[in-house]
Amino acid sequence: NAANEAGFPDAELPSIDGKKVKISDLDSKLILVYFWQASDAAQKMFNQDVLLPLYKTYHPKGLEIYSVSLDVDKGTWASAVKSQNLPWVNVCDGLGAACPAVGLYNISRGLPVAYLIENGTLIPETVSSEKDLRSILAAKLK
């Protein structure tokens, strides 16, 4: 009865500095919950080529990214986050596919996978490509 109600599955995972961060603690109009693996070179390039420019454009307009790494080697993940200077919330518990957020978000297909939370509610639009992501961000964060 004392639990706060949320319109999305809330995850709490350790950040790069070891402090646990909950999605519900983020105060942004639009939150991109992004599942990836730092051990995959293509996904690391996606950070640099797609997410970083989008973040720079849309963060001032209300975008935050909660990036969940499903790496089992936290050193690989931490190295990628630091070397790429990723400015958003980066979390990893080192459990890989056993990470509790995998079950919360029903991750059953290949990575990367992304979901959007708008004003505290998981939105139904599917984010299945870079084009989809760009389109949704442009429409929701004018």
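Further up the page is the structure itself.
Presented here is an overview of the structure given in this document. No experiment lies behind these values; they were computed from the predicted model shown.

## Side note on the side chain of Asp 93
Inference 1: Topologically, Asp 93 is positioned in the loop between strand E5 (89-91) and helix H3 (100-104).
Inference 2: One polar contact links the side chain of Asp 93 to the main-chain amide nitrogen of Leu 95, over a distance of 2.9 Å.
Inference 3: Other than its neighbours up to four places away in sequence, Asp 93 contacts Leu 13, Pro 14, Lys 74, Cys 99 and Pro 100.

## With respect to the packing of helix H1 (residues 41-58) against helix H4 (residues 130-140)
Inference 1: Where H1 contacts H4, the two axes come as close as 11 Å, and the packing angle between them is 5°. With respect to H4, the axis of H1 lies roughly parallel. Where H1 abuts H4, its residues Phe 46, Asp 49, Val 50, Leu 51, Leu 54 and Tyr 58 lie against Glu 130, Leu 133, Arg 134, Leu 137 and Ala 138.
Inference 2: For the contact of H1 with H4, a count of residues per class yields eight nonpolar, no polar and three charged.

## Focus: the sheet that holds strand E7 (residues 121-122)
By way of backbone hydrogen bonds, the strands of a sheet pair with one another, either parallel or antiparallel.
Inference 1: Strand order in the open sheet formed by five strands is E5-E4-E3-E6-E7, with mixed pairing between adjacent strands. Looking along the sheet, the strands with just one partner apiece sit at the ends: E5 and E7.
Inference 2: As defined by bridge partners, strand E6 (residues 113-118) adjoins E7 across two bridges and the pair is classed as antiparallel. Residue pairing across strands places Glu 118 opposite Thr 121, the latter belonging to E7.

## Examining unusual backbone geometry
Inference 1: The omega angle of the peptide bond from Leu 111 to Pro 112 is 0°, so this bond is cis rather than trans.
Inference 2: Even without a glycine there, the phi angle at Asn 106 is positive, about 50°.
Inference 3: With respect to the secondary-structure elements, Asn 106 resides in the loop between H3 and E6.
Inference 4: By relative accessible area, which is 59% here, Asn 106 ends up exposed.

Rules and cut-offs
Residues numbered from 1 in each chain as written. Predicted model: local features only at pLDDT ≥ 70, side-chain atom pairs only at ≥ 80, totals over all residues. Heavy atoms only, no water. Helix = DSSP H or I, 4+ residues; strand = E, 2+ residues; numbered from the N terminus. Polar contact = N/O pair within 3.5 Å; in protein donor to acceptor, adjacent residues only side chain to side chain. Contact = heavy atoms within 4.5 Å. Axes fitted to C-alpha atoms, helices over the stretch in contact; angles between N-to-C directions. Parallel < 35°, antiparallel > 145°, perpendicular 65-115°, else oblique. Nonpolar A, V, L, I, M, F, W, Y, C, P; charged D, E, K, R; others polar. Pairing = 2+ DSSP bridges. Buried < 20%, exposed > 50% of the residue type's maximum accessible area, 1.4 Å probe, protein only.

Functional significance is not addressed by these values, which are geometric in nature.
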